[in-house]
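Working through the structure, step by step
Next come the chains, spelled out residue by residue.
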Amino acid sequence: MDFELSPLSDRKTSTAEADALAREILKHRQDDKNASYLGRFMSDLSSPIHGKDKTLARLEALQTSNQLARLSGNSNAEEETRKEMRQAISNDRAARKTADSWVAHGSGFVKSLGFFCPGETGYVMSVLSGAADAARPEDSLLRQGGDLVLGAGKGFALKYTFDRDGESKMNLALKAAT
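Residues numbered from 1 in each chain as written. Predicted model: local features only at pLDDT ≥ 70, side-chain atom pairs only at ≥ 80, totals over all residues. Heavy atoms only, no water.

1. A word on the packing of helix 5 (residues 75-113) against helix 6 (residues 119-134)
Selection rule: Axes here refer to lines fitted to C-alpha atoms; in helices the fit is confined to the stretch in contact. Angles between the N-to-C directions go from 0 to 180 degrees. Helix and strand assignments come from DSSP, with helices taken as H or I runs of at least 4 residues and strands as E runs of at least 2, each series counted from the N terminus. What sets the label is the angle itself: under 35 degrees gives roughly parallel, over 145 gives roughly antiparallel, 65 to 115 gives roughly perpendicular, and the rest give oblique. Note on definitions: a residue-residue contact is assigned when non-hydrogen atoms from the two residues lie within 4.5 Å. Charged means Asp, Glu, Lys or Arg here, nonpolar means Ala, Val, Leu, Ile, Met, Phe, Trp, Tyr, Cys or Pro, and polar covers whatever is left, Gly included.
Running from N to C, helix 5 and helix 6 point in directions that differ by 150 degrees, and their axes come no closer than 7 Å. If you check the angle between helix 5 and helix 6, you find them roughly antiparallel. Packed against helix 5, whose contacting residues are S107, V110, K111 and L113, the element helix 6 presents M125, S129 and D133 at the interface. Split into classes, the residues belonging to the contact of helix 5 with helix 6 amount to three nonpolar, two polar and two charged.

The structure is reproduced here in structure tokens:
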């Protein structure tokens, strides 16, 4: 359940908003950590569009500013930081949502390219994109190896199925159903 930011300016709200900010930073880092090689590539490629990295940097800067304002006891600085925190959290959520959309569509596009290329080129593209989408850099080498093999097998199997389906003499409706 996401924390809803309230406009109140008491001490509890300040702590709750600081907690919400910390949770948002954690979610952001977890998203990055759980991304596959292909997902990271697509996220980096589309970074100028979604600006997710900039919103994370802004959240981290606000976290530091909030801590300094609370330590100094400056209530005006705390109130200003709280306003900025609300907006930064909202901006980060929007940027992560946009990034997720770009990564999902971009990864799907890259994985499907091999299906439309003939012969060995198509198989190589399908195997490589399937492997890159299955493995994550944060996993152990053994796990990455297993994921690479499974992803490559999936890419190969899908390409093989597309090739065989395309060559068959079935009518279009039967091909679509298989």
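2. Section: the packing of helix 4 (residues 52-72) against helix 5
Just so we agree on the cut-off: In this scheme, a crossing is called left-handed if the near helix is turned counterclockwise away from the far one by less than a right angle; it is called right-handed if the turn is clockwise.
Between helix 4 and helix 5, whose axes approach to 9 Å, the crossing angle comes to 160 degrees. By the angle class used here, helix 4 and helix 5 are roughly antiparallel. In the packing of helix 4 onto helix 5, the handedness of the crossing is left-handed. Here K52, T55, L56, R58, L59, L62, S65, N66, A69 and R70 of helix 4 come into contact with helix 5, specifically with A77, E78, T81, E84, M85, A88, I89, N91, D92, A95, R96 and A99. Split into classes, the residues belonging to the contact of helix 4 with helix 5 amount to ten nonpolar, five polar and seven charged.

3. Some thoughts on the side chain of S129
What counts, and what does not: For every residue, the accessible area obtained with a 1.4 Å probe (protein chains only) is divided by the maximum for its type, and the residue is called buried under 20%, exposed over 50%, and partly exposed between those limits. Two N or O atoms count as a polar contact when they lie within 3.5 Å, although within protein this holds only if one can serve as hydrogen donor and the other as acceptor, and sequence-adjacent residues are included solely when both atoms are side-chain atoms.
When you line up the elements, S129 lands in helix 6. Relative accessible area serves as the criterion here: at 7%, S129 is assigned to the buried category. Among the polar contacts listed, one links the side chain of S129 to the backbone oxygen of M125, at a separation of 2.8 Å. Aside from chain neighbours lying at most four places away, what touches S129 is L38, V110 and K111.

4. Let's talk about the nonpolar core
To keep things clear, this is the line we draw: Remark: nonpolar core denotes a set of buried residues (Ala, Val, Leu, Ile, Met, Phe, Trp, Tyr, Cys) joined through side-chain atoms within 4.5 Å.
Formed by A18, A20, L21, I25, L56, L59, L62, M85, A88 and I89, the largest nonpolar core amounts to ten residues. If you list the elements that add at least two residues to this core, you get helix 1 (11-33), helix 4 and helix 5. Sort the elements by how many residues they give to this core and helix 1 lands first, with four residues. In this view, L56 contacts I25, H28 and D92; residues no more than four positions away in its chain are not counted.

5. Things to note about the pattern of salt bridges
Stated precisely, the cut-off is as follows: Any carboxyl oxygen of Asp or Glu within 4 Å of a side-chain nitrogen of Lys or Arg constitutes a salt bridge here.
For the structure on display, the rule yields 15 salt bridges. E79 serves as the salt-bridge partner of R82, at 2.5 Å between the closest nitrogen and oxygen. Highlighted residues: R82 and E79, both in helix 5, separated by three residues, approximately one helical turn. Ionic pairing is found between K159 and D163, a salt bridge with its closest N-O pair at 3.0 Å. Residue K159 and its partner D163 are located together in helix 7 (residues 141-167), separated by four residues, close to a single helical turn. Judged by relative accessible area, K159 falls into the buried class, the value being 1%. Each of E24, D31, D92, R93 and R96 takes part in a single network of salt bridges with overlapping partners.

6. Points about helix 2 (residues 37-45)
Which entries qualify depends on this criterion: The arc in question is traced by the directions running from the helix axis to the C-beta atoms.
All of the buried residues in helix 2 are L38, G39, M42 and S43. Here the buried residues of helix 2 occupy an arc of 135 degrees about the axis, which is enough to place them on one side. Across helix 2 from its buried face, at more than 90 degrees, point the exposed residues D44 and L45. Against helix 3 (47-50), helix 4, helix 5 and helix 6 lie the buried residues of helix 2.

7. Some details on the layout of surface pockets
Condition: Buriedness for pockets is judged along seven lines, at least five of which must meet protein on both sides within 12 Å for an open set on the 1 Å grid over protein atoms alone, while cavities are sets there where a 1.4 Å probe fits but cannot get out, and lining residues have an atom within 4 Å of a point. Grid points are joined across faces, edges and corners, and a volume is the space filled by probe spheres set on the points.
There is about 270 Å³ of room inside the largest pocket. In terms of lining residues, the largest pocket is bounded by 17 residues, among which A35, G39, R40, S43 and V103 are the most central. Where the lining of the largest pocket is concerned, the elements lending two or more residues are helix 1, helix 2, helix 3, helix 4 and helix 5. Partitioned by chemical class, the residues of the lining of the largest pocket number three nonpolar, six polar and eight charged.

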